[in-house]
Amino acid sequence: IDPKVVPLLNTPTITAIGNDIGYEDIFSYQVEKYGTEGDVLMCVSSSGNSENIIKAIQSAKIKKMISLSFVGFDGGKAKSLSDHAIHVESNNYGICEDAHHALMHIFAQFLRLKNINDTNILGNIKF
């Protein structure tokens, strides 16, 4: 694994896309520009129904990317559209968001560990 991380959360980019194209396209536009086949799109949505998230997943499918979504409540459309979904079954935003945050930390640590070539340093790494 050689992670390429492109956060789609740059405020000036989001507002430019939102103002010029539409807020429902703030993520899908970026997926179309930066995504390549085999990349992984990670989405986080408590409801799983945010139009900008749904459109990003649909754009990722067109580009043959893998979609992973962290969803809450009943999972919404994102749960069924995503290639993989981690569903926190709760109707409480705080619980969903806290669980998603913890899962993102776990995922980031997994990627970091998978990319350490010198296994002798594993016991000495601080996260």
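So, the nonpolar core
Within the largest apolar cluster, 16 residues are counted, with the highest numbers of intra-cluster contacts made by F27, V31, L41, I53, I57 and A78. Those elements that provide at least two residues to this core are α1 (11-20), β1 (40-45) and α3 (51-62). Of all the elements, α3 adds the most residues to this core, at five residues.

Focus on the pattern of salt bridges
The final tally for this structure, using the stated rule, is two salt bridges. D25 is the salt-bridge partner of K55, the closest N and O atoms lying 2.7 Å from each other. Separated by 30 residues along the polypeptide, K55 in helix α3 and D25 in the loop between α1 and α2 (28-34) bring together distant segments of the chain. In this structure K55 comes out as partly exposed when scored by relative accessible area, which is 24%. K61 serves as the salt-bridge partner of D83, at 3.5 Å between the closest nitrogen and oxygen.

Some words on the sheet that holds β1
Taking strand neighbours across the sheet as the criterion, the three strands line up as β1-β2-β3 in an open arrangement whose pairing is parallel. Only two strands of the sheet have a single neighbouring strand rather than two, namely β1 and β3 (84-87). Each strand of the sheet is rotated relative to its neighbour by a mean of 15 degrees, with strand direction disregarded. Bridge count for strand β2 (residues 66-71) against β3 is four bridges, and the pairing is parallel. For L68, the partnering residue across the bridge sits in β3 and is H84. The sheet contacts of α3 involve β1 and β2, and relative to β1 the element is tilted by about 165 degrees. Packed on one face of the sheet, helix α5 (residues 93-114) meets β1, β2 and β3 and runs near 140 degrees to β2.

Regarding the pairing of β2
In terms of residue burial, β2 counts as a mostly covered element, since five of its six residues are buried. Regarding topology, α3 serves as the crossover connection from β1 to the parallel β2, and that connection is right-handed. The handedness of the β2 to β3 crossover, carried by helix α4 (residues 76-81), is right-handed.

Details of the side chain of S46
Mapping S46 onto the fold places it in the loop between β1 and α3. Residue contacts for S46: discarding those within four places in its chain leaves V71, G72, F73, Y93, C96, E97 and H100.

Cut-off values and rules
- Residues numbered from 1 in each chain as written.
- Predicted model: local features only at pLDDT ≥ 70, side-chain atom pairs only at ≥ 80, totals over all residues.
- Heavy atoms only, no water.
- Core = buried A, V, L, I, M, F, W, Y, C linked by side-chain atoms within 4.5 Å.
- Buried < 20%, exposed > 50% of the residue type's maximum accessible area, 1.4 Å probe, protein only.
- Helix = DSSP H or I, 4+ residues; strand = E, 2+ residues; numbered from the N terminus.
- Salt bridge = Lys/Arg side-chain N within 4 Å of Asp/Glu carboxyl O.
- Pairing = 2+ DSSP bridges.
- Axes fitted to C-alpha atoms, helices over the stretch in contact; angles between N-to-C directions.
- Contact = heavy atoms within 4.5 Å.
- Right-handed = clockwise from strand over helix to strand, strands pointing away.

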